[in-house]
Every structure is written in structure tokens, then in C-alpha cells.
Amino acid sequence: MSFVMIFRIAFKALSRNKLRTALTMLGMIIGVGAVITMVALGNGAQDAIDSQIQSAGTNMIQVSAGNFAAQGVRQGQGAASTLVPEDAAAIAEVEGVQYVAPASNTRGQMIAGNLNWNAQVQGTDVDFPLIRAWPTQMGAFFTPQDVATAAKVVVLGATVRDQLFGPDVDPIGQVMRIGSHPFTVVGVMAVKGQSSVGQDQDDTVFVPYSTVMKKMRNITFVQQITVSAASATDTSGTADRIAAMLRVRHKIQTGDPDDFMVRTMDEIAAVRKETTQTMTALLSGIAGVSLLVGGIGIMNIMLVSVTERTREIGLRMAIGARGRDVLLQFLVEAVVLSLVGGIVGIALGYGLSQGLTAWRQWPTSISADAVVVAFGFAAATGVFFGFYPARKAAALDPIEALRFE
Amino acid sequence: MSTVISVKSLVKTYVVGEVEVHALRGVNLEVQRGEFLAVTGPSGSGKSTFMHIIGCLDRPTSGQYFLDDQDVSRMSKDELAAVRNTKIGFVFQGFNLLSRTTAIDNVELPLLYSGKPMKGAARHKRAMDVLQLVGLGDRADHHPNQLSGGQQQRVAIARALIKDPSILLADEPTGNLDTKTSIEVMGIFQHLNREQGITVVLITHEHDIAEYGTRIVSFRDGKVVADKLVTRRRLAQDELAALPVASAV
Ligand SMILES: Nc1ncnc2c1ncn2[C@@H]1O[C@H](COP(=O)(O)OP(=O)(O)OP(=O)(O)O)[C@@H](O)[C@H]1O
Ligand SMILES: [Mg+2]
């Protein structure tokens, strides 16, 4: 029998029981759709990290307090209190270091006039715009003087300015409140847009780190120190020197673990990539389970179909169908189920990925590879789960099948 | 005349649990080309079992079966399927048509399993020809549930004929039909037997239906107990002409 004919028969048989066919396909559609979406999310996150490293510059070094790798109990980064502003000053003296900015962050309710807004408050230093290559569009960043005096001055991210003062309004010199503290607006940052992970980078304000420490949180330590190495090629060497210097400063005995962490952008990226890879694998695994369930659904319905059509099988055999013809007929039916389900599932996965990007700003990326693999997987599912019912059909005895009630 | 079917000491034993059922206990029979053989016998005498074996749907427990001088007992499953497809046409009591499939598609079915596939248009034409032969040319696109029992049986006959078989096997083809429709179906069989020289093996437990054949073989308890030529053969054509109202089926 020709293949065209076999497919025609399969389509006809499937269209006879439309609801059942649709429900069986739904299992495949959800499975393949989920796999495609999860892989797209994973790939998107990977791409995002890549581009983030690109934009952050490879000469960035982050020094954070605590060392969860050594402490067994995993604490949030910056939860430890071992980094102090003096460490930042010392780091600035290390060979190869260009810029240094300690960070001490908080959140706060912001009020200007009758408008209010809640955003992140980043306490940082004057080097911050240089490290991030991020200029102001109005006014200027705060000064070393402001940092030294823990002045209540604030530089607004574009989104916060829009929310509190309105778009394109010049708020320089205005007084606003963060929590209960009055701050004077000294600048507005240029629009940066979304970060690689879909966060609005303009939804934040910058104040001197000393202000956050002394006036807002009443603490003596900083969460993090961001460093920029003078040369991209000497980044890891610089990082090593910072670590060695900090061990001496923190009086850590030989053999004891660090109470801080120094990581270059490459290392941070590697860790984050590994994390997203694990996440992707996990999510794809879960999605794969739904694909498996879809496959079992196909097998189930094919078994029902073989039983229902026992007389038909007997008849086909009586008029000359060989075992292999019957096998092929049912196998093709299963594969058509899984492939049509797979194609719709790919479309669904594509739509879902695009939707997530549009709605939640999650980066997604659908590669041709993923589509081909999903398609192949769908076909394989059909063959794998269709084979047993098809073989059962082919092994029927024609007379018994004809007699079947 | 040449021998089409030749069986020697045919035995078929079914084993159901501990019990052995002897469906055929040594059947010897020869059927010549062009014969219209009627097989009769009481229920359970082994008629259907016999037909399944000569139709290559089943294998004997022992004994030999030559079809066109070929030893069928030695054939593989696929070879048997090919024999069923090319040499034998089956007509069952229950019609066995695919529901929700048009008459013409049902008739075309055996062509799909031939060794040399035909083009769609050629298949269609051939199916139309045989449908016309059984007088159903105008019902080609009807589904089985839109046809009367007699019409459904004619579709089944058309399907049995489409591959130009040399043997037509019919197991109680009139079992579900009324008297007049039965005569019509017998008319088709007699026509095919006479005009196309097709060998017909008809299984029936009704003696008057058996008399449409040229020879009657009687089974009892898995054995042939009588084998005689029909002296006063019934002719469906004449009987139909004599009926008060002309058939419009
Ligand atoms: N698959 C089977 N398993 C066990 N016994 C069987 C099987 N098929 C047939 N038989 C037995 O073989 C014997 C002959 O059966 P067969 O169907 O050939 O009779 P038959 O002459 O066609 O009867 P009927 O006129 O009622 O159709 C019966 O006793 C029957 O019970
Ligand atoms: Mg019978």
C-alpha cells in the first residue's frame, strides 16, 4: 500500500472521532508546547546573561560580604556584616583598580507633592556612573562631599522621576521624601531601559551609600563593593590582589576561609549560567514528563481504537492485508496524532514564549534546533507509544477478529 | 475441467482449555473450476471452519490443501494474505462492510492491498464497474447504514469481485435476508458463475438455497456425509421473472 494511501486512511480514521482525537492531541500539544516554552526561556536567560556581561564590561569585579560556600549555611549575599567602607578605601589603593563603589541598598516609599511611589534605593558612591557608563540627563550625580557628609541628596532613575514628577519635568532642586527623610533631588539618570532579566533599571534612585548606612538603616557595614579594573586583561589578577589585601585587613589566619567573596564578571556569569542551565534542565524535565503523559494518552487511545476496530482489522486481513499493512496503518495513525499535536504544540510554545516576553518582559529565544528536536521527539513519541497497540492489531488472528463482538 | 480446490484428510481440532473440539475430522473433497458448490449441514458441523481453511484464513491441524495445485499448507502468513487478496473473494453473512465508509470505498478496499498498486482514478473506475455488475451503480456514494440489507450484501459481493477472483466463498450470505432478496443474491451468484466462470462455494443450512448450486455437499460432525449433483437446479432469474411485482431493488 502506498504511503499516501496509508496517511489518507489514518486521517480518515482520526477524523471519525474528532473529540477523542482532539483530546489525545491536547496531551501532545501541552507536552511539546511546555518543552518549547521552557527551552525558549532557558535560552533567553542564557542570551540575556551573555549580553549583560557584554554591557557591564568584563573588567567588573564584585566584592561581597560573607562566603556562603564556606559557611555551610547559605546566607543571602550581603547578609554578613564584614565589609566596611574602609575596605572600599583600601581596595581603591590596590594595583590595577580604577573605580570603586560600595553599595548599601534599601527600599522606600517615596513622596513628592501628592504623588508617591515605591522603589529601590541604591546607596552608592560617586564612581558608580563611571563603572556602569551611565550618565545623568539632568543635573549631576552627587559629589564626594555629599558622600563624606552623608547628605540627603538623591539622583532619580527616569521611571521614578516620571512617577513622582511627571515625564520630562525637571525636578532638580525639589525636595521629596524617602520614608520619613527629606531628600533634595540633584540629578536624573539617563534612560537605561530594561536589564537583561527584564527588570526596569530606571525604577530606582541613587543616594550616597553613607546616607543609607547612617541615616536610613543605621548600620556600619556595606553589602557589596563594586570595583572596575583598569585593564580588562588584568581583571582576575586585580581580583586576586584585592582578595589577598582583604585577608590581611580582616586578619584571617592561613587556612581559615575568607569572610568575603571576590568575583569577576566572568565568574559571576559562569555561576549564573550554571544556575539557569540547571533551572532550564529542571523545567524541561517537568515539561518532558507532560510529553510522556501525552504519549501514554496516545497509547491508551490507540489500544481502545484497536479493540473497537477488531472486526475492521479482521476484514482487512480477510481481503488481503498483511500483518505489516495493519501495523503500519495503526502506527501511522499514532504518529499522525503525535505529529499534528507536536506541530500545534510548537506553535503554542512559540506563542507562549512571545506572550511571556511581551507580558512579563522575560527574555525568550526559540532556536531552530529546539523546534527540530521537539518535532523529532513528537514523532518518536508517536512511534514508541503507537508501536505496541499497532503490533497488537497486526498480531490478531483474522477469524477471531472477524468474530469479535 | 481442472481442479481448483483439493483437500485431503483435512483435520481441524480446537483446544479449548482441557477440551478438544474436532471441527473437521478428515475431509476429502475436490472442487472443479466453474462449479457452484453448496455446502450444507447442521449447525456446528464444521462448514464455516471448512470455508475458513479453503479461504486461507485459517490453517488445518493436519491434512493437505491444494489451491490451483499449490500446497497452501506450506505458505507463509504473507503469502496467504496475497492469495486471499488475488484469488479469493469472501462474502460473509454479516456483510462486514466498513461503516461510515461509502459503498465505493468499501468496494475499493482490496485494491489497496494488491501487490501492484492502482492509480486512484483506475481504482474508482474498476469499483464502479463491479458495483454496476451487482446493480448498485447509483448507490456508490451511500454509506452502509443508508442501504438495505440486500444492497449491503451486494456491496460485499462487489468487494469480493473487484480483484477478479477465481473463487467466491460465501458463508450464509442470505442468512440475514428475506426470501426475495435471497433469490436476487443467488441470481447474482449464478450470473457470475455462468458468465464469468467463477467457482462458487456457498455455505448454507437452508436446503432450498443449496439448490441454486450445481452440487451439494453435506457435512455432519466434521465429515462429508453426502455429495451429489443437483438434478433439478433452481434458477434465480426465472423465479424472479415469475414474481408478481418486478424487483426495484
Ligand atoms: N475458535 C474456535 N474455538 C473452539 N471451537 C471452535 C472454534 N471455532 C469453531 N469451533 C467449534 O467447531 C465446530 C464447528 O464450527 P463451525 O463454525 O465450523 O460450524 P458451522 O457448521 O459453521 O455451524 P453454523 O451453521 O452454526 O455456522 C463447532 O463445534 C464449534 O463450536
Ligand atoms: Mg458457520
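Residues numbered from 1 in each chain as written. Chains lettered and ligands numbered in written order. Predicted model: local features only at pLDDT ≥ 70, side-chain atom pairs only at ≥ 80, totals over all residues. Heavy atoms only, no water.

Scanning chain B from terminus to terminus reveals eight helices and 10 strands. For 249 residues, the compact-globule estimate of 2.2 N^0.38 gives 18 Å, and chain B sits close to it at 18 Å. Dimensions along the principal axes, computed over C-alpha positions, put chain B at roughly 50 × 45 × 40 Å. Buried positions account for 53% of the 249 residues belonging to chain B. The contacts in chain B between residues at least 6 apart in sequence include a share of 70% that link residues at least 24 apart. Carbon and sulfur atoms form 50% of the exposed surface of chain B, whose accessible area is close to 11,100 Å². Of the side-chain charges in chain B, 29 are positive and 28 negative, and the distance between the mean point of each set is 3 Å. (Helix = DSSP H or I, 4+ residues; strand = E, 2+ residues; numbered from the N terminus. Rg over C-alpha atoms; globule rule 2.2 N^0.38 Å. Buried < 20%, exposed > 50% of the residue type's maximum accessible area, 1.4 Å probe, protein only. Contact = heavy atoms within 4.5 Å. Areas by Shrake-Rupley, 256 points an atom, 1.4 Å probe, with all protein chains shown as cover. Lys, Arg positive; Asp, Glu negative; His and termini not counted. Charge placed at Lys NZ, Arg CZ, Asp CG, Glu CD.)

Split by domain assignment, chain A resolves into domain 1 (3–52 + 271–403) and domain 2 (81–258). Distance from the C-alpha centre of domain 1 of chain A to the C-alpha centre of domain 2 of chain A: 52 Å. (Domains from an automatic or database assignment.)

Right, let's get into the sheet that holds strand β4 (residues 62–67) of chain B. All names here are of chain B. Read across the sheet, four strands follow the order β2-β1-β4-β5 without closing on themselves; strand pairing throughout is antiparallel. Two strands lie at the open edges of the sheet, namely β2 (19–32) and β5 (70–71), each paired on one side alone. In this sheet, β5 lies alongside β4 in antiparallel orientation, the contact comprising two bridges. Note that in β5 the partner of Leu-67 across the bridge is Gln-70. Taken strand by strand, helix α1 (residues 47–54) contacts β1 (3–16), β2 and β4, and its axis lies near 120 degrees from that of β1. (Pairing = 2+ DSSP bridges. Axes fitted to C-alpha atoms, helices over the stretch in contact; angles between N-to-C directions.)

What follows covers the interface of chain A and chain B. On the side of chain B, 21 residues touch chain A, which itself brings 24 residues to the contact. At the boundary of chain A with chain B, total buried surface from both sides reaches about 2,200 Å², with 57% on carbon and sulfur atoms. The interface formed by chain A and chain B includes two salt bridges. Residue A:Lys12 pairs with B:Asp105 through a salt bridge whose shortest N-O separation is 3.2 Å. At the junction of chain A with chain B, the criterion picks out eight residue pairs in polar contact (both at pLDDT 80 or more). Among the secondary structure elements, those contributing two or more residues to the side of chain A that touches chain B are α1 (3–15), α11 (310–318), α12 (323–360) and α14 (398–403) of chain A. (Buried area = accessible area lost by both parts, 1.4 Å probe. Salt bridge = Lys/Arg side-chain N within 4 Å of Asp/Glu carboxyl O. Polar contact = N/O pair within 3.5 Å; in protein donor to acceptor, adjacent residues only side chain to side chain.)

Residue and element names in this part refer to chain B. Taking strand neighbours across the sheet as the criterion, the six strands line up as β6-β7-β8-β3-β9-β10 in an open arrangement whose pairing is mixed. What marks the edges here is a single partner per strand, and that holds for β6 (88–91) and β10 (223–229). Each strand axis lies, on average, 15 degrees off the axis of its neighbour in the sheet, ignoring direction. Taken together, the five bridges between strand β7 (residues 167–171) and strand β8 (residues 199–203) define a ladder with parallel strand orientation. The partner of Asp-171 across the bridge, within β8, is Ile-203. Relative to β6, helix α5 (residues 149–161) is tilted by about 170 degrees, and along the sheet it contacts β6 and β7.

Within the largest apolar cluster, 72 residues are counted, with the highest numbers of intra-cluster contacts made by B:Ile5, B:Val7, B:Phe50, B:Tyr65 and B:Leu67. In terms of residue count, the dominant contributor to this core is α12(A) (nine residues). When residues no more than four places from it in sequence are discounted, the contact partners of B:Ile5 are B:Leu29, B:Glu30, B:Val31, B:Ile54, B:Tyr65, B:Phe66, B:Leu67, B:Ile167 and B:Val201. (Core = buried A, V, L, I, M, F, W, Y, C linked by side-chain atoms within 4.5 Å.)

Another aspect to go through is helix α7 (residues 158–165) of chain A. Residues and elements named next belong to chain A. Buried residues dominate α7, accounting for six of its eight residues. Regarding α7, the residues found buried are Ala-158, Thr-159, Val-160, Arg-161, Leu-164 and Phe-165. Directly after α7, the chain includes Gly-166, whose backbone phi takes a positive value near 100 degrees.

All names here are of chain A. Pairing of strand β2 (residues 97–112) with strand β9 (residues 224–229) involves six bridges; the strand directions are antiparallel. Paired with Val-100 across the bridge in β9 is Val-227. What sits between the antiparallel neighbours β2 and strand β3 (residues 115–124) is a turn of two residues, in which Gly-113 has the positive phi angle 65 degrees. Pairing geometry for β2 and strand β6 (residues 175–178), over two bridges, is antiparallel. Among the inter-strand pairings, Ile-111 is bridged to a residue of β6, identified as Arg-177.

Turning to the layout of surface pockets, a few remarks are in order. Volume-wise, the second largest pocket comes out at about 720 Å³. Lining the second largest pocket are 27 residues; nearest its centre among them are A:Arg403, B:Ser48, B:Thr49, B:His52 and B:Asp171. Among the secondary structure elements, those contributing two or more residues to the lining of the second largest pocket are α14 of chain A together with β2 and α1 of chain B. Split into classes, the residues belonging to the lining of the second largest pocket amount to six nonpolar, 12 polar and nine charged. (1 Å grid on protein atoms, 1.4 Å probe; cavity = no way out; pocket = protein on both sides within 12 Å on 5 of 7 lines; lining within 4 Å. Points joined across faces, edges and corners; volume = space filled by probe spheres on them. Nonpolar A, V, L, I, M, F, W, Y, C, P; charged D, E, K, R; others polar.)

Okay, the pattern of salt bridges next. Scanning the model with the defined rule gives 26 salt bridges over all chains in all. For A:Glu312, the salt bridge goes to A:Arg309, with nearest N and O atoms at 3.2 Å. A:Arg309 carries the same exposure label as A:Glu312, and that label is buried. When the shortest N-O distance is used, the salt bridge between B:Arg126 and B:Asp164 registers 3.4 Å. Note that B:Arg126 is positioned in helix α4 (residues 120–133) and B:Asp164 in the loop between α5 and β7, a separation of 38 residues in sequence. A residue is classified by how much of its surface remains accessible, and B:Asp164, at 52% relative accessible area, is exposed. Within this structure, A:Arg309, A:Glu312, A:Arg316 and A:Glu333 form a network of salt bridges that share partners.

Residues and elements named next belong to chain A. Look at helix α4 (residues 85–93) against helix α9 (residues 235–249): their axes get within 10 Å of each other, and the N-to-C directions meet at 135 degrees. Relative to α9, the element α4 is oriented oblique. Considering only the axes of α4 and α9, their crossing is right-handed. Across from Glu-86, Asp-87, Ala-90 and Ile-91 in α4, the residues of α9 making contact are Ile-242, Met-245, Leu-246 and Arg-249. (Parallel < 35°, antiparallel > 145°, perpendicular 65-115°, else oblique. Left-handed = near helix turned anticlockwise from the far one by under 90°.)

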